[in-house]
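Read off the chains here:
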Amino acid sequence: MSQATDTDVREDGIIESVSGPVVTARDLDARMNDVVYVGSEGLMGEVIEIEGNITTIQVYEETSGVSPGEPVEGTGSPLSVDLGPGMLDAIYDGVQRPLDVLEEKMGSAFLDRGVDAPGIDLEKTWEFTPEVDEGDEVEAGDIVGTVPETPSIDHKVMVPPDSEGGEVVAIESGNFNVEETVVELDNGEEIQMHQEWPVRQQRPTVEKETPTEPLISGQRVLDGLFPIAKGGTAAIPGPFGSGKTVTQHQLAKWADADIVVYVGCGERGNEMTEVIEDFPELEDPTTGNALMDRTCLIANTSNMPVAARESCVYTGITIAEYFRDMGYDVALMADSTSRWAEAMREISSRLEEMPGEEGYPAYLSARLSEFYERAGYFENINGTEGSVSVIGAVSPPGGDFSEPVTQNTLRIVKTFWALDADLAERRHFPSINWNESYSLYRDQLDPWFEDNVRADWPETRQWAIDTLDEEAELQEIVQLVGKDALPEDQQLTLEIARYLREAWLQQNAFHDVDTFCEPEKTYRIMDAAKTYNDAAFEALDAGVPVEEITDIDAAPRLNRIGVQEDYNEYIDDLEDDIESQLRELY
Ligand SMILES: Nc1ncnc2c1ncn2[C@@H]1O[C@H](COP(=O)(O)OP(=O)(O)OP(=O)(O)O)[C@@H](O)[C@H]1O
Ligand SMILES: [Mg+2]
């Protein structure tokens with residue numbers, strides 16, 4: 001987070017009242033969203049309301065011990081993030097203070113009152129390579145050079161979006177820290193590798209485009225049935241323990257984004273500890289480099305101050321937009337947006353605002369849509385294209401999807417991955433309910449799957465959907481009269497659908513091989529089930545009893561495809577065996 005310079009410090013105010021994270025001050029010369037330092041300890045806060053002489057501030061740190069009469073100091077600048085090389089592989093709190101730096105300063109990551117630290121290392125030097133020459137004209141957003149930030153990612157140094165641009169009069173390669181000037185323009189403007197941007201303001205773009213590429217997740221049920229686009233939005237609602245966090249982690253690990261921003265928002269500390277311990281060990285499947293080389297973590301766990309939870313999603317999305325501006329595909333995961341909404345509710349109630357549904361502020365839905373609106377596939381102001389995909393977990397109390405956060409999110413996002421307590425209880429993982437979930441991107445992404453995986457991807461998937469739909473209908477009858485009362489062809493459909501569920505939809509996140517499934521493998525498992533289906537119905541038509549068809553000993557091998565590394569060979573053999581074993585029956 002940026003620190004104010006002495007020149008823009010404004011008139012001090014005096015604390016009038018303290019109510020949890022909400023503090024009011026009188027006589028403070030400040031504007032909406034300005035950062036202020038509260039009390040004699042100088043706790044970081046943000047102006048959220050101004051009424052006459054009274055300024056209301058949300059404070060990003062614990063306020064116990066802060067009392068009326070203590071000073072409040074304005075900075076004259078809005079809550080902003082520091083953007084520049086050094087954000088990847090970092091772990092921040094909700095206002096972009098690096099947790100490792102805080103830990104060194106304070107001895108604990110979670111005892112952080114009154115400590116400020118810049119979001120990026122100001123002293124570290126980076127090797128800057130110019131991309132433009134002296135005499136070139138540059139405009140806002142233009143890429144003027146690159147820095148090898150990590151083995152995976154070249155950081156593009158850009159002219160800040162609010163620059164007027166001009167002719168480059170000085171630029172050279174070399175090692176610089178982020179505060180040193182790397183480019184000078186004819187109008188005297190000096191450009192550094194580092195810029196600031198107010199978190200609550202979307203970074204400018206030229207145009208939002210219709211996304212046509214999937215964000216491949218490596219999870220069969222998602223890529224196969226409910227794909228999200230690069231630049232798309234998705235929600236993962238689910239009751240306690242149904243797999244929201246595991247799904248978010250799987251996406252952070254395996255999604256084919258260039259950059260991942262993972263926001264742990266208000267969840268238990270141990271879930272974030274898992275991320276912090278787990279991720280640095282992981283390898284990026286596309287580059288073979290460390291996964292953290294393309295990852296930025298933001299942690300505001302349940303034991304950290306509530307106001308910083310309100311800001312952590314904005315810090316995250318602003319960082320995501322900055323990498324998008326470089327032309328990268330960025331994926332942001334927020335776990336959980338419900339805790340963010342609860343932070344809004346708590347602050348709103350301290351402000352004594354008129355409560356809306358279930359005590360949430362009336363602006364809940366506006367805030368949610370403003371946040372998801374920042375996702376998209378964009379033409380950037382420098383002419384590159386980049387995307388921000390946003391995937392938010394939702395934790396409805398009691399798993400009741402009719403509550404306000406789930407309902408408002410549903411109206412905004414285009415992909416809905418509904419987790420289901422019954423499936424989780426039956427150990428069907430990922431417990432994404434295929435009857436309730438949907439993706440509005442499915443049709444627009446089909447051409448990509450046709451061109452990059454198989455031309456008959458849409459037809460094969462439609463067969464799988466129809467089979468699962470039919471199963472759902474038949475299950476209702478089975479509940480009433482039992483399976484044996486069904487005609488043989490329907491019994492066979494139930495058996496095929498079972499394999500689709502067990503071999504295709506189920507996927508073990510904790511198995512070395514099964515944890516990630518490339519689209520080709522997703523296709524082949526689905527197609528193997530269809531091969532069994534087609535051969536089985538032929539046998540049935542030829543008069544073979546259904547029990548004999550479902551008894552062939554090759555069929556259960558379908559359920560072991562997921563864990564096969566050399567799946568192509570395995571599936572080729574399996575399909576041959578299924579067909580010949582069925583053929584032998586008539
Ligand atoms: N894809 C998966 N593969 C295997 N096991 C899974 C999978 N998804 C979830 N699980 C199991 O379910 C457990 C609970 O999952 P998770 O912690 O993600 O739930 P959650 O919805 O985030 O819960 P909470 O509401 O408590 O945050 C996991 O510890 C794991 O045992
Ligand atoms: Mg969780």
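Please refer to the structure placed before this passage.
Fair warning: this is a prediction, and the values are worked out from it, not measured in the lab.

Cut-offs used in this document
- Residues numbered from 1 in each chain as written.
- Chains lettered and ligands numbered in written order.
- Predicted model: local features only at pLDDT ≥ 70, side-chain atom pairs only at ≥ 80, totals over all residues.
- Heavy atoms only, no water.
- Helix = DSSP H or I, 4+ residues; strand = E, 2+ residues; numbered from the N terminus.
- Rg over C-alpha atoms; globule rule 2.2 N^0.38 Å.
- Areas by Shrake-Rupley, 256 points an atom, 1.4 Å probe, with all protein chains shown as cover.
- Lys, Arg positive; Asp, Glu negative; His and termini not counted.
- Charge placed at Lys NZ, Arg CZ, Asp CG, Glu CD.
- Core = buried A, V, L, I, M, F, W, Y, C linked by side-chain atoms within 4.5 Å.
- Buried < 20%, exposed > 50% of the residue type's maximum accessible area, 1.4 Å probe, protein only.
- Pairing = 2+ DSSP bridges.
- Near = heavy atom within 4 Å.
- Polar contact = N/O pair within 3.5 Å; in protein donor to acceptor, adjacent residues only side chain to side chain.

### Structural notes on the overall build of the protein
Looking only at helices and strands, the protein features 15 helices and 26 strands. Here the C-alpha radius of gyration of the protein, 27 Å, is about what a compact globule of 586 residues would show, namely 25 Å. Counting only C-alpha atoms and orienting by the principal axes, one finds that the protein spans roughly 90 × 55 × 40 Å. Of the accessible surface of the protein, which amounts to about 23500 Å², a share of 43% is contributed by carbon and sulfur atoms. For the protein, the centre of its 40 positive side-chain charges and the centre of its 122 negative side-chain charges are spaced 6 Å apart.

### Looking at unusual backbone geometry
Of note, the amide linkage connecting Asp-335 to Ser-336 takes the cis form, showing an omega dihedral of 10°. Among the structural elements, Ser-336 can be located in the loop between β22 (329–335) and α6 (337–350). At the junction of Phe-429 and Pro-430, the peptide bond is cis and its omega measures out at -10° in the coordinates. The topology assignment puts Pro-430 in the loop between α9 (421–425) and β26 (438–439). Even without glycine at this site, Gln-96 takes up a positive phi of about 60°. The topology assignment puts Gln-96 in the loop between β8 (91–92) and α1 (99–106). Look at Arg-427: it is not a glycine, yet its phi comes out positive at around 60°. The topology assignment puts Arg-427 in the loop between α9 and β26.

### What to know about the nonpolar core
Within the largest apolar cluster, 76 residues are counted, with the highest numbers of intra-cluster contacts made by Phe-128, Val-183, Met-193, Val-261, Ile-319, Phe-323 and Leu-332. The biggest single contributor to this core is helix α5 (residues 306–325), with ten residues. Membership of the second largest hydrophobic core comes to 73 residues, among which are Ile-228, Ala-331, Met-333 and Ala-539.

### Things to note about the pairing of strand β12 (residues 154–158)
Here β12 lies mainly inside the structure; four of its five residues are buried. Of the pairings in the sheet, the one linking strand β11 (residues 143–148) to β12 comprises five bridges and is antiparallel in character. Counted as the bridge partner of Val-147 is His-155 from β12. Counting the residues that bridge the hairpin from β11 to β12 gives five residues.

### Considering the pairing of strand β3 (residues 34–38)
Two faces make up the sheet, and in a regular strand the side chains alternate between them. In terms of burial, β3 is largely enclosed, as five of its five residues are buried. Here β3 shows two buried faces, one formed by Asp-34, Val-36 and Val-38 and the other by Val-35 and Tyr-37. Where β3 and strand β6 (residues 71–78) come together, four bridges link them in antiparallel fashion. Residue Tyr-37 lies in a different strand from β6, and its bridge partner there is Glu-73. By the bridge criterion, four bridges tie β3 to strand β4 (residues 43–51) in an arrangement that is antiparallel. Pairing of Val-38 across the sheet is with Leu-43, part of β4. Counting the residues between successive antiparallel strands, the hairpin from β3 to β4 contains four residues, one of them, Gly-39, with a positive phi of roughly 75°.

### Here's the deal with the site of ligand 1
Close contacts around ligand 1 come from 18 residues, with Gly-241, Gly-243, Lys-244, Thr-245 and Val-246 the closest. Here an oxygen atom of ligand 1 sits 3.2 Å away from a polar atom, N or O, in the main chain of Ser-242. One of the side-chain nitrogen or oxygen atoms of Thr-245 is found 2.8 Å away from an oxygen atom of ligand 1. A total of 630 Å² of accessible area belongs to ligand 1 in isolation, and the protein chains cover 81% of it. Here the shell around ligand 1 takes three residues from helix α3 (residues 244–254), the largest share from any one element.

These values are about where atoms sit, not about what they do.
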